[in-house]
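Commentary on secondary and tertiary structure
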Amino acid sequence: MKKMWEVIRNFLFSQTNKEVLIFVFFLILAGIFWLNLALNETYEKEFSIPVSVVGAPKNVVLTSSEVDTVKMTIRDKGFTLLTYMYGDILKKVNVNFRTYSKNNGSGSISSQDLQKMVYQQLASGSRITSVKPEKLEFFYNFGAKKLVPVRWSGRVIPEELFFISRVEYSPDSITIYAPEEKLDSISMVYTEQLNYANFRDTLIATCELNKIKGVKMVPDKVKVTFFTDVLTEEKIDGIPVQGINMPEGLILRTFPAKVSVSFVTGVSTFRQLKREDFKVIADYNEIKRHPSEKCHIYLKEVPSGISRTRLETTTVDYLVESESE
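First things first, this report covers the structure right here in the doc. Positions within a chain are numbered from 1, following the residues in the order the chain's sequence is written. Given that the model is predicted, a residue must reach a pLDDT of at least 70 before its local features are reported, and side-chain atom pairs must reach 80 or more before they are shown or counted; all residues, however, enter totals for whole chains, interfaces and linings. The basis for every side-chain value is the complete set of heavy atoms in the structure, and neither hydrogens nor water enter the calculation.

Points about the layout of surface pockets
Empty space among the atoms can be located by rolling a probe the size of a water molecule over them. In this structure, the largest pocket encloses a volume near 530 Å³. We place a 1 Å grid over just the protein atoms. Points where a 1.4 Å probe fits but has no way out form a cavity, open points with protein on both sides within 12 Å along at least 5 of 7 lines form a pocket, and any residue with an atom within 4 Å of a point lines it. Lining the largest pocket we find 23 residues, and of these T63, S64, S65, K211 and V215 sit closest to its centre. For helices the rule is a DSSP run of H or I covering at least 4 residues; for strands it is a run of E covering at least 2, with both sets numbered from the N terminus onward. For the lining of the largest pocket, the secondary-structure elements that each account for two or more residues are strand 1 (42–54), strand 3 (67–77), strand 7 (135–141) and strand 13 (216–218). Asp, Glu, Lys and Arg are counted as charged, while Ala, Val, Leu, Ile, Met, Phe, Trp, Tyr, Cys and Pro are counted as nonpolar; the rest, among them Gly, fall into the polar class. Considering only residue class, the lining of the largest pocket consists of 11 nonpolar, four polar and eight charged. Grid points are joined across faces, edges and corners, and a volume is the space filled by probe spheres set on the points.

Points about the pattern of salt bridges
When a carboxyl oxygen of Asp or Glu is within 4 Å of a side-chain nitrogen of Lys or Arg, the pair counts as a salt bridge. Taken as a whole and judged by the stated rule, the model has 13 salt bridges. Between R75 and E44 there is a salt bridge whose closest N-O contact spans 3.6 Å. Remark: E44 occurs in strand 1 and R75 occurs in strand 3; sequence separation between them is 31 residues. Partly exposed describes any residue whose relative accessible area lies between the buried limit of under 20% and the exposed limit of over 50%, with all areas from a 1.4 Å probe on protein chains only and scaled to the type maximum. Given the relative accessible area of 46%, E44 is considered partly exposed. A salt bridge links E137 to K213, with the shortest nitrogen-to-oxygen separation between them at 3.1 Å. Note that E137 is positioned in strand 7 and K213 in the loop between strand 12 (203–208) and strand 13, a separation of 76 residues in sequence.

Some details on the sheet that holds strand 10 (residues 173–177)
Each pair of strands is called paired provided DSSP finds at least two bridges between the two strands. The strand order 11-8-10-13 describes an open sheet built from four strands, whose pairing is mixed. Both outer strands of the open sheet, strand 11 (189–197) and strand 13, are each paired with one neighbouring strand and no more. In this sheet, adjacent strand axes meet at a mean angle of 35 degrees when their direction is disregarded. Pairing between strand 8 (residues 145–157) and strand 10: five bridges, direction antiparallel. From the neighbouring strand, L147 faces strand 10, where its bridge partner is T175. Here, axes are lines fitted to C-alpha atoms. For helices the fit covers the stretch in contact, and angles between N-to-C directions go from 0 to 180 degrees.

Re the packing of aromatic side chains
Aromatic rings from Phe, Tyr and Trp, taking only the six-membered ring of Trp, are treated as a pair when their centres fall within 6.5 Å; an angle between ring planes under 30 degrees marks them as stacked, one over 60 as edge-to-face, and anything in between as tilted. One pass over the structure, following the stated rule, counts eight aromatic pairs. Centre to centre, the rings of F97 and F138 are 5.8 Å apart; their planes meet at 45 degrees, and the pair counts as tilted. Of this pair, F97 sits in helix 4 (residues 97–100) while F138 sits in strand 7, and the two are 41 residues apart along the sequence. By the burial criterion, F97 is buried, and F138 matches it. Between F97 and Y140, the aromatic rings sit 4.9 Å apart at their centres with planes inclined by 75 degrees, giving edge-to-face as the arrangement. Residue F97 is found in helix 4, and its partner Y140 is found in strand 7; the two are separated by 43 residues along the sequence. Assigned by exposure class, F97 and Y140 land together as buried. Taken together, the ring pairs connect F97, F138, Y140 and F142 into an aromatic cluster.

Here it is, written out as structure tokens:
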């Protein structure tokens, strides 16, 4: 051990290394001197300061964010600004609910009042040169709420030859708190903008809900699952044509009596489809208004999960006769 220390000492204090050590020493000293001069200069720095609304009565529900943010630009010496950046001085500003509530479901704090609160935490030489925004608002109610469904928004496109066959939400509905007039105007809430493309397997996205000013959402995140399926063009034959708005005692016969429907759907969806899932009709009122040798037929009902539905023919021969015949 003693031998090793002697080797290290001889290495450090050799003539060449002595000169290096002296250079490093003066380099560090110059750096400290320069840093001291730099931090003694006056600078401006923008700080993001959390603002919390506190002291709300137990029967009050804050429908806006409980913590907002104000941005203040502070001017002072570099040393002081460093203490603000890395210390606990500007961690939070608490605003008393009763002081700033307007008793109409909202409240606001002006930039002047916010400055006064922050000045209480600053050193005497610090000056606030700008505040953004000019005021902070908060919203509340006394427990009025409503259950509304969730829907996704954005751009979700699977690979070519695949399509979204089904979407599930967890939860599929959330509770919103807001003033009565706002509750009445909201029938559903949407997710933040989703952006997914070129996928073929089931896609699961955990996302936040799109915020609405003055509305609290519980929960504020949902899980959206997009199920995919392979696209296929299919046809179902033998769907009967039904007459509607027929007078009592009369029946409508069409030729052909049954038609085919073509559509695009997923392979798994197609396996579950039946003829009874489709309804094709001919309207007697239309036939009476526009008598002709042929009548128009329409696809009245189709099951969910299919698209681009079309009848192979849209007109048929017909005969109106008495039920007794």
